[in-house]
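# Topology and contacts: notes
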Amino acid sequence: MPPMPSVPPMPPMPSVPLAPGTTREGGWQESSGPAGFSGPFATSGLIGSSVIRPDAVDKARGDFAFSSDLWAEGMLWGKVLRSPYPSARILSIDTARAQQMSGVMAVLTWADLPGDQVFGLEAKDQPVFAHDMVRYSGEPIAAVAATHPELARQAADAIVVDFEPGPPLVDPDEALSAPAIHEEGNVFRHIALRHGDIEAEGDVVVEGTYEVGMQDQAFMGPESGLAIPSSDGSVDLYISTQWLHVDRDQVAACLGLPPELVRLHLAGVGGAFGAREDITIQVQLCLLALRTRRPVKMVFSRAESFLGHVHRHPARMWYRHHARRDGTLVKVEARIVLDGGAYMSSSAAVIANATCFAAGPYRVPSAAVDGFAVRTNNPPCGAMRGFGAVQVCFAYESQMDRLADALQMDPIELRLKNAICPTDRLITGQVVGGTAPVAEVIRAAAEAPLPEPASGDLLELPGGAGRCAEYDKVVRGTGFAVGFKNLLYSEGFDDFSTARCRLDGDMATITCAAAEVGQGFVTLARQVATETLGVTKVRILSGDTNEIGSAGSTSASRQSWMSGGAVLEACKAVADRILSMAADTLQVRPETLRLSGGHVVSGDGIPLISLDDLTRGKPVEESVVFHHRPTDPLDSEGQGNAHVSFAFVAHKAVVDVDVELGLVRVVQLSTAQDVGKVLNPLQLLGQIEGGTLQGVGLAVMEELLVADGIVQNPSFTDYLIPTALDAPDIVVARLVEEPDPLAPFGAKGAGEMPAISSTPAVVSAIRDATGLALSRVPVRPQDIANG
């Protein structure tokens, strides 16, 4: 192979857009939308319009630069050696053979870390490299950098590790009392929630045990990034992530560097859904780059991706519901055990959500809920779309169906009878407040028209092109479910976002570190600027971690509220200054002026002075740090005003089931969702369809199978996700617009809600078709055929 050039004093920039959705020069873009399409799309427009994503055309053409497309002159390739065992002692690590291989530039282990040996999103309990113990299959042990990716793989394979395997702890219930597998113990968090009269009893009692399997986020773009060292000992990391600044802080601590010497830049993200909230390759990449003084790139294989990031927590849940004979809920009892795997990640927050929302969006005067998140030798689990609300929704909605059967009551009427409203208290004691259109979403979804009966077309039967179902053996079923979740961060967390607005003539530049992971923040920020400043030329920059303060994580349905709020306030501050400048120039009062079409205009819309003339040579810039209202930690009994706001959703599912073969076709999902205010109808529809389909996947096919701590299906051949052929007809029955008084524009985050009640609705429909209890998801063919 040809000799590699030396690294210049200042590193070359990688071939990546300055921010997802901008041109490679960082400029603003205009687009006519998809070729030949005359729909109501634009690249800039006001709040409430269907503005298309600025990166949409590039992504559709395959021209968008994702993090795996990064390149720099003279770069090396990184590879991580992982443990094949879920539990083992490391007796020795021999890297000599790997180090002697031609073209291998670095082989690093725990002994090469200059800073902290451990990292973590909520608690520092996870080693960068295992050195005495491995606690899950796939845990990193060493990292190599070489001149070719295949050589890097061979070098990693050449490292000899002497393991002493031990019996893995894989049962989450056993973990509660088993000997500790980590110095911090086996219980990440236990919440003993007690509300009302816990001795209360109902006339009718139903009980059930439920399980949720381990779901993977299954994003298309595997983990990847590029680290580029500088001559001053600093490093630039171009990475796909959900939270630049928290990544930066963890990486800097492990490298033993001041945070300002570690600069993170957002690269193109190929999906996230929670899995990119934890760091994966970040420390290893930077460490290799600093050691070799060369740029280093790393791209996970699909199998590595399944092993290298967190997943949705598997859950075991026991429930007992008490009700009066008229259907009024009296008490809910529950025991929830979430398997957090080997390290904490965000398990403490996930179990808080699961516990707080364990009774559903219903008036429940009394509750006794014990929520546990535990440590095992299974793969680590953390954030995934729905964040604890998905697991318990499956359980409490299954219970509501069971209770309706016991009461011989219509399940919709039972839900409507107990639906909460803004003045009601949750089982945490918090008054709901704001808006809570639970009854509205229930009625709207329930009233959605049903699809036509199944035809004799074999492709429309369960099994599709497999031609295995027989029309006369297919049974149709209908099911229903309601769900809810909090918005933004909770329990006293100081949640904030930073944004900067600069107006130079009729060009607005918005800088915000909010990670664009596909949710559409780059589109929303343009809309906010257009709405507030009256301009159509808007450039969005993510900036690096030294250029702009944190925007928080792209998670918790928070970016539209938090970063949208920060952008809105920054734009308002600029607009106020512009109007004040114009008022001084025109000798009028500022309140008589407004901004429109690149001009300062009079109250009746007459242009008075252009923004070009007003700001020529003196751009106006403002930065804002936006906070939501404070929240409180939960007390010792799980009580407190822990959440800012809530959103609600309902789904009605229609399925066709071949009861002999156990095959299911999800025919239709109708939904109604509490959105506060629609900011972009097109993007909202995309969120609803995508989230609903993830819920379908969890209901009938998606599960990361783990046996004795070993992942059995780390590929898209064996880990099945719904394709276009599996996608049902998704009907948006109603978008309930009741603006939240605390939210910018009144809008509520919409990305997570569709994944919450879609799963239990589908399973309810399968129960209706088969008469089976079906207490575990995903529902497998054998669960039906052998039922």
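The shown structure was predicted, so the numbers you read here are calculated from the model rather than taken from an experiment. (Residues numbered from 1 in each chain as written. Predicted model: local features only at pLDDT ≥ 70, side-chain atom pairs only at ≥ 80, totals over all residues. Heavy atoms only, no water.)

## What about the overall build of the protein chain?
For the protein chain, the helix and strand inventory stands at 17 helices and 31 strands. For the protein chain, the C-alpha radius of gyration of 27 Å lies close to 28 Å, the compact-globule estimate for 787 residues. Taking the principal axes of its C-alpha atoms as reference, the protein chain extends roughly 80 × 75 × 55 Å. A burial count over the protein chain gives 60% of its 787 residues as buried. (Helix = DSSP H or I, 4+ residues; strand = E, 2+ residues; numbered from the N terminus. Rg over C-alpha atoms; globule rule 2.2 N^0.38 Å. Buried < 20%, exposed > 50% of the residue type's maximum accessible area, 1.4 Å probe, protein only.)

## What to know about the sheet that holds strand β2 (residues 88–94)
What the three strands build is an open sheet, ordered β6-β2-β8; its pairing is antiparallel. Both edges of this open sheet fall to β6 (133–134) and β8 (160–165), since each of them pairs with a single strand only. Across two bridges, β2 lies against β6 in antiparallel orientation. Within β6, the residue paired with A88 across the bridge is V134. (Pairing = 2+ DSSP bridges.)

## Describing the domain arrangement of the protein chain
Here the protein chain is described as being made up of domain 1 (23–64 + 496–627), domain 2 (67–167 + 222–269 + 276–308) and domain 3 (315–490 + 633–785). The straight-line distance from the C-alpha centre of domain 1 to that of domain 2 is 37 Å. Taken together, the contact between domain 1 and domain 2 spans 19 residues of the former and 17 residues of the latter. Roughly 1,400 Å² is buried in total at the junction of domain 1 and domain 2, and carbon and sulfur atoms are behind 53% of that figure. (Domains from an automatic or database assignment. Contact = heavy atoms within 4.5 Å. Buried area = accessible area lost by both parts, 1.4 Å probe.)

## Here we look at helix α8 (residues 347–356)
Working note: α-helix, 3.6 residues per turn, so residues spaced by three or four point in the same direction. Counting buried residues in α8 gives nine out of ten residues, a clear majority hidden from the surface. Within the span of α8, buried status applies to S347, A348, V350, I351, A352, N353, A354, T355 and C356.

## Regarding the side chain of T292
Position of T292 among the secondary structure elements: in helix α6 (residues 282–292). Its relative accessible area of 15% is what places T292 among the buried residues. Within polar-contact distance, the side chain of T292 engages the backbone oxygen of L288 at 2.8 Å. Ignoring sequence-local partners within four residues, the contact set of T292 consists of L76, M105, A106 and A145. (Polar contact = N/O pair within 3.5 Å; in protein donor to acceptor, adjacent residues only side chain to side chain.)

## Let's talk about the side chain of S240
Positionally, S240 belongs in the loop between β12 (235–239) and α5 (244–255). The exposure class assigned to S240 is buried, which follows from its relative accessible area of 6%. Within the local environment of S240, its side chain forms a polar contact with the side chain of S67, the two groups lying 3.3 Å apart. Here R276 takes part through its side chain, which lies 3.2 Å from a polar atom of the side chain of S240. Ignoring sequence-local partners within four residues, the contact set of S240 consists of S67, S224, A267, G268, V269 and R276.

## Here we look at the packing of α5 against α6
Two elements in contact, α5 and α6, have axes whose closest approach is 9 Å; the angle formed by their N-to-C orientations is 50 degrees. Relative to α6, α5 is oriented oblique. As α5 packs across α6, the resulting crossing turns out to be right-handed. On α6, the residues touching D247, V251, C254 and L255 of α5 are Q282, V283, C286, L287 and L290. A breakdown of the residues in the contact of α5 with α6 according to their chemical character gives seven nonpolar, one polar and one charged. (Axes fitted to C-alpha atoms, helices over the stretch in contact; angles between N-to-C directions. Parallel < 35°, antiparallel > 145°, perpendicular 65-115°, else oblique. Left-handed = near helix turned anticlockwise from the far one by under 90°. Nonpolar A, V, L, I, M, F, W, Y, C, P; charged D, E, K, R; others polar.)

## Let's talk about the packing of helix α15 (residues 681–700) against helix α16 (residues 754–770)
Relative orientation and spacing of two packed helices are given, respectively, by the angle between their axes and the distance between those axes. Following both chains from N to C, one finds α15 and α16 inclined at 45 degrees, their axes separated by 7 Å at the closest point. One way to sum up the angle between α15 and α16 is to call them oblique. For the pair α15 and α16, the sense of crossing is right-handed. Counted together, Q687, I688, G691, T692, G695, V696, L698, A699 and V700 of α15 and P754, A755, S758, T759, V762, V763 and I766 of α16 form the full contact between these two elements.

## What about the sheet that holds strand β13 (residues 262–266)?
Strands sit in the order β3-β7-β1-β14-β11-β12-β13 across an open sheet of seven strands; the sheet is mixed. One side of each edge strand has no neighbouring strand; the edge strands of this open sheet are β3 (104–108) and β13. On average, each strand axis in the sheet is tilted by 20 degrees relative to the strand beside it, whichever way the strands run. Two elements, strand β1 (residues 76–82) and strand β7 (residues 140–146), share six bridges in a ladder whose sense is antiparallel. What sits directly across from W77, in β7, is A146. Contacting β1, β3 and β7, helix α3 (residues 149–158) runs over the sheet at an angle of about 30 degrees to β1. Each of β1, β3, β7, β11 (224–229), β12 and β14 (296–299) is contacted by α6, which is oriented at about 155 degrees to β14, the strand it contacts most.

## Notes on the nonpolar core
Residues Y319, I336, L533, V600 and V762 are the most contacted members of the largest nonpolar core, which totals 180 residues. When residues in this core are grouped by element, the largest group, 13 residues, is from helix α13 (residues 559–586). In terms of nonpolar packing, the next biggest core, distinct from the first, is built from 20 residues, A88, A130, V134 and A155 among them. (Core = buried A, V, L, I, M, F, W, Y, C linked by side-chain atoms within 4.5 Å.)

## Quick notes on the pattern of salt bridges
All told, the structure shown has 38 salt bridges when counted by the stated rule. A salt bridge links E591 to R589, with the shortest nitrogen-to-oxygen separation between them at 3.0 Å. Assigned by exposure class, E591 and R589 land together as exposed. For E703, the salt bridge identified is with R776, shortest N-O distance 2.5 Å. One end of the pair, E703, is in the loop between α15 and β28 (706–707); the other, R776, is in strand β31 (residues 776–777), and 73 residues separate them in sequence. The exposure class of E703 is buried, given its relative accessible area of 11%. When salt bridges that share partners are traced, they join R53, D55, K59 and E516 into one network. (Salt bridge = Lys/Arg side-chain N within 4 Å of Asp/Glu carboxyl O.)

## Describing helix α10 (residues 411–418)
Those residues of α10 not exposed but buried are I412, L414, R415, L416 and N418. The elements touched by buried residues of α10 are β16 (329–339), α9 (389–407), α11 (438–446) and β18 (474–487). Between the side-chain oxygen of the N-cap and the backbone nitrogen of I412 there are 2.9 Å, and the N-cap of α10 in question is D410.

## Description of the packing of aromatic side chains
Aromatic ring pairs: the centre-centre distance and the angle between the two ring planes describe each pair. Applying the stated criterion across every chain yields a total of 13 aromatic pairs. Centroid distance Y85 to F163: 5.2 Å. Interplanar angle 65 degrees. Geometry classified as edge-to-face. Linking Y85 in the loop between β1 and β2 with F163 in strand β8, this pair joins segments that are 78 residues apart in sequence. Here Y85 falls in the partly exposed class, since its relative accessible area comes to 33%. (Phe/Tyr/Trp six-rings, centres within 6.5 Å; stacked < 30°, edge-to-face > 60°.)

## A few points about the pairing of strand β22 (residues 593–596)
Of the two faces of β22, the one lined by L593 and L595 is fully buried and the one lined by R594 and S596 carries no buried residue. Here β22 pairs with strand β23 (residues 599–602) via four bridges, running antiparallel. In the sheet register, R594 faces β23, and the bridge partner there is V601. Hairpin connection from β22 to β23: two residues lie between these consecutive antiparallel strands, with G597 at a positive phi of about 60 degrees.

## Some thoughts on the state of the cysteines
Enumeration according to the criterion identifies zero disulfides in this entry. C254 takes part in no disulfide bond, and the closest cysteine sulfur, belonging to C286, lies 10 Å away. We classify C254 as buried; its relative accessible area is 1%. (Disulfide = S-S within 2.5 Å.)

## Notes on the confidence of the model for the protein chain
With 94% of its residues at a pLDDT of 70 or more, the protein chain has an overall mean of 93. Across residues 1–42, where pLDDT falls below 50, the model places 88 contacts with residues more than four positions away in sequence or in other chains. (pLDDT = per-residue confidence, 0-100.)

## Description of the environment of E622
Relative to the assigned elements, E622 resides in strand β25 (residues 620–627). What makes E622 partly exposed here is its relative accessible area of 23%. Separated by 122 residues in the primary sequence, E622 and R500 have C-alpha atoms spaced 5.7 Å apart. Residues within four places of E622 in sequence aside, it is in contact with A499, R500, C501, A570, A573, V574 and R577. Engagement of the side chain of E622 in a polar contact is seen with the side chain of R577, the distance being 3.0 Å.

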